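Structural overview for review
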Amino acid sequence: MLNTANNSNNNFNISIDGGMGEPAHLLRMHDPVIFPFALTSVTVDDERNLISLDSAMKSDRTVAIFNEIPFPREMERLQVKGVFPQFKDENTSRSAIGTLARVVKEIRFPDGSRRIVVRGLKRIVGASIFRANDGAPMIRYRVMAEPKGLNSDIIAGQQKGAVRMFQELMTMQPGIPDELQMAITASSTPERCADAIADAMNFSYAEKLLLLTAPAVEHRFELLTILLNRELESSRLGMQIQSEVQESMGASQREFYLREQLKAIKQELGEFSNNSDVVELTAKMEQCDLPEVVLETVKKELERLELLPQNAPEYHISYNYINTMLSIPWQVFSEDRLDCAVAEEILNADHYGLKDVKERILEFISVMQRRKDDADCRAPILCLVGPPGVGKTSIGRSIARSMNREFIRVSFGGVRDEAEIRGHRRTYVGAMPGRIVQNLKRSGTSNPVFMLDEIDKLAHDFRGDPASALLEVLDPEQNNTFNDNFVELPLDLSKVFFIATANVLEDIPGPLRDRMEVIKLSGYTALEKKEIAKQYLIPRQLKENGIANAKVKFRVSAINEIIEGYTMEAGVRELERVIARVCRRVAGKFTSGQWDESEVFSLDSRMINSLLGARKYLKDLAPAPAAGCATGMAWTSVGGVILPVETVALPGGKGNLKLTGSLGKVMQESAETAFTFIRANSPAGIDPEFFNTHDFHIHVPDGATPKDGPSAGITISLALMSLLRNKPLIPRLAMTGEINLRGKVTAIGGVREKLVGAIRAGIKEVLVPQENAKDVEELPDEIRKALTIHFVGSFTEAEKIAFK
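An account of the accompanying structure is given in this report. (Residues numbered from 1 in each chain as written. Predicted model: local features only at pLDDT ≥ 70, side-chain atom pairs only at ≥ 80, totals over all residues. Heavy atoms only, no water.)

Quick notes on the overall build of the protein
From N to C terminus, the protein includes 29 helices and 27 strands. Here the C-alpha atoms of the protein give a radius of gyration of 52 Å, more than 25% beyond the 28 Å that 2.2 N^0.38 yields for 804 residues. Oriented by its inertia axes, the alpha-carbon framework of the protein measures out at about 155 × 70 × 70 Å. Looking at the protein as a whole, 47% of its 804 residues are labelled buried. Pairs at least 24 residues apart make up 74% of the contacts formed inside the protein by residues separated by at least 6 positions. A total of about 40,400 Å² of accessible surface is found on the protein, and carbon and sulfur atoms cover 50% of it. (Helix = DSSP H or I, 4+ residues; strand = E, 2+ residues; numbered from the N terminus. Rg over C-alpha atoms; globule rule 2.2 N^0.38 Å. Buried < 20%, exposed > 50% of the residue type's maximum accessible area, 1.4 Å probe, protein only. Contact = heavy atoms within 4.5 Å. Areas by Shrake-Rupley, 256 points an atom, 1.4 Å probe, with all protein chains shown as cover.)

Structure (structure tokens):
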């Protein structure tokens, strides 16, 4: 028999084979807890429960549900303490108080388990367990009656309090059906009200079992009050946190006010920041020598950074800004070498020629030496213009070495965004300073030699005009307060030695060109190339190709053969590549064993031809004399070249003039001017009607190459005169000069480049405008001795020389 009196260990004694009470089919459950009058879904998969359920479904569909006692660890977590009346059922502690329920619905699954919906009927107390004739587990029970003598007023007050707290919870935790809320509010008895609230709330298994096994409704309401109060406090705290988060996200002014309060509190408490980034940046700031305005800005930004959360986007923007400001060498200068003799020695050791550039650098060093205590001494802004390969870029590195300054080189070819110069606003994602500030950071000083390479190749279109952004950088009157969009503070660039390089001066915008001191670098003569090869190129390539220790020498004939037969350039870039090719092939001979490395090898012109193959360029490029032909001289971005001009008269015409050869507008006008002059001053014996009965065609060969400029005027005039006289000009004659309608030959540019190109092409005599005599006087003796130079002021003088 089941003894309902508690003993010392809170267990009941149960007898399996006897006892009194009503019988019912037994369902052993762990979860959920079934309350009277509650409709609950239950999964049944235990074999014993399935047998009992099958038997119940064949009879009155009534079952007695008894739950397991919770594990000790679940009991330890309870905020309310209680004692479960229990009994031992096959080594399992089970609650002695259960629920009599009726099966409302049953669903069978393929795996044999069932899903049933039961409605609780009454609280019951188990009496005895036995088996029915069909083997189904059964239990005898008696209905659990409420104790007598309870205070109805207290219970009514408890019920009202529980309902009020439940209703308040429902406003905070939506999801409970309105029908259930109405049913709880309108409960007919306190017992039904308590059970309905206990079933509706999401209490733990142990807490719900305590509510089921509580002997009196008064006790159940006490437990409900404690548990509902706990849920209310939890919900209120959650709503408060959510409200605070929403307010902080929407009220930036309130956040600023709170941060200021937090900052004041920390200052009062003497607490220091534990942010490693702030500590690191503060230490870096203390080591830097910053101007006062920069120091104040950095301190203000550090204070803001300290109060920002590290996962905020503004944190990284602020950190990058401070780090950039502390990396700029605001007041850091390298010590200049003010010894002109040492500087000149370094410049001469690195470069041959370039007299104008070297003189300008030595002048600047001399001025600095006399004004070394003057803080307003500004560096010059130079622009080196010349064909490729003449040493514009490399001379910048030598200048920096001669002055003991850091060297920075930035290529501006193809740059089309002014933000590359001025930087981006730091509010943009991925913002950074411009190239000027970035390279100053990299150099670590405020007075480097800063080379702006290929400045004539800056892009200029609808996407931006970086050349305009450079105006402030290269203006001596403005660059002491250069403003980068990212830094947003004036930066002094007046001590930076800016050197720009370009191939074509005309491609640089006028306002930008006006701010720089232009130094023109002409192409090298054959003698200069020979010296550069002997002193610089050959030793460097012997070392780079691993044959510096071998007994290999270049004879003068070998160097001349390379210059005349395998290169055609104003600079020495291709010359160095050809010398490198020779050295590689010599190294291959040594490696393969064809040449004995212990022997002395003096390379001559014959050996150069053997190593490199046939000549790439003919030595004599001057065209053969012919009537109607003349040879001009042109200046291109790669140096000087000769420019043949061909003319022909076509009978049966109407005096039309046809121009071909990819001529630009200026050159077309020059040709028309020359034709008009010759037509007005035709030689004796030419019938004036000749011009009305013939068409004239002027062609400048190499039609795929665009040509422009006025300097071919004298060349076209003499070609037309040769055509009319049917007499060729003297051989190996070239000329340059603009002609007007009165026959005057006027000055042109690029005299040195044109004469060097003429020498390279095998020309022996040249006609040069009289106005360019001063330019010829400045040429090296090598050029003037290689050519017979005739100065002409009019077409008549030129004609006498050309047809002598």
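On we go.
Quick look at the packing of aromatic side chains
This structure, assessed with the given rule, holds twelve aromatic pairs. Ring centres of Phe690 and Phe696 lie 6.0 Å apart, and the angle between their planes is 65°; this geometry places the pair in the edge-to-face category. Residue classification places Phe696 among the buried positions, given a relative accessible area of 2%. Taken together, Phe675, Phe690, Phe691 and Phe696 form an aromatic cluster joined through their ring pairs. Taking the ring centre of Tyr321 as reference, the NZ or CZ of Arg426 above it sits at 3.8 Å. The ring of Phe803 has Arg725 sitting right over it, with the charged end atom 4.2 Å from the ring centre. (Phe/Tyr/Trp six-rings, centres within 6.5 Å; stacked < 30°, edge-to-face > 60°. Lys NZ or Arg CZ within 6 Å of the ring centre and 35° of its normal.)

Regarding empty space enclosed by the protein
The full count for this structure, using the stated rule, is one cavity of 30 Å³ or more. In this structure, the largest cavity encloses a volume near 40 Å³. Residue lining of the largest cavity: Arg378, Ala379, Ile381, Pro476, Asn479, Leu493, Ser494, Val496 and Phe498, and that is the complete set. For the lining of the largest cavity, the residue count by class is six nonpolar, two polar and one charged. (1 Å grid on protein atoms, 1.4 Å probe; cavity = no way out; pocket = protein on both sides within 12 Å on 5 of 7 lines; lining within 4 Å. Points joined across faces, edges and corners; volume = space filled by probe spheres on them. Nonpolar A, V, L, I, M, F, W, Y, C, P; charged D, E, K, R; others polar.)

Observations regarding the nonpolar core
Formed by 57 residues in total, the largest nonpolar core has its most connected members in Ile399, Phe497, Phe554, Ile579, Val582, Val586 and Leu603. Top element by residues in this core is helix 21 (residues 573–592). It accounts for eight residues. Those residues within four positions of Val586 in sequence are excluded, and the remaining contacts are Ile547, Val552, Trp595, Leu603 and Leu611. Membership of the second largest hydrophobic core comes to 52 residues, among which are Ile322, Ile328, Val415 and Leu470. (Core = buried A, V, L, I, M, F, W, Y, C linked by side-chain atoms within 4.5 Å.)

Some thoughts on a negative patch on the surface
Taken together, the side chains of Asp356, Glu359, Glu363, Glu777 and Glu778 make up a negatively charged region of the molecular surface. With three residues, helix 13 (residues 355–370) is the single largest residue contributor to the negative patch. Of note, Glu359 is situated in helix 13. Using a relative accessible area of 38% as the deciding quantity, one classes Glu359 as partly exposed. (Patch = residues over 30% accessible without salt bridge, like charges linked within 9 Å, V, L, I, M, F, W, Y side chains within 5 Å. Salt bridge = Lys/Arg side-chain N within 4 Å of Asp/Glu carboxyl O. Lys, Arg positive; Asp, Glu negative; His and termini not counted. Charge placed at Lys NZ, Arg CZ, Asp CG, Glu CD.)

Some thoughts on the sheet that holds strand 15 (residues 497–502)
Two orientations exist for strands paired in a sheet by backbone hydrogen bonds: parallel and antiparallel. Taken in spatial order, the five strands of this open sheet run 11-12-15-10-16, and their pairing is parallel. Strands at the two margins of the open sheet, each flanked by one partner only, are strand 11 (407–411) and strand 16 (517–520). Recorded for the sheet is a direction-independent mean angle of 20° between the axes of neighbouring strands. Sheet topology note: the strand 10 (residues 381–385)/strand 15 ladder contains five bridges and is parallel. Paired with Val385 across the strands is Ala502, a residue of strand 15. On top of the sheet, helix 16 (residues 435–443) reaches strand 11 and strand 12 (449–453); it is set at about 150° to strand 11, its chief contact. (Pairing = 2+ DSSP bridges. Axes fitted to C-alpha atoms, helices over the stretch in contact; angles between N-to-C directions.)

Describing the side chain of Arg114
Among the structural elements, Arg114 can be located in strand 8 (residues 114–131). Here Glu106 takes part through its side chain, which lies 2.6 Å from a polar atom of the side chain of Arg114. Residues within four places of Arg114 in sequence aside, it is in contact with Val42, Thr43, Val44, Leu50, Leu53, Asp54, Glu106, Ile107, Arg108 and Phe109. (Polar contact = N/O pair within 3.5 Å; in protein donor to acceptor, adjacent residues only side chain to side chain.)

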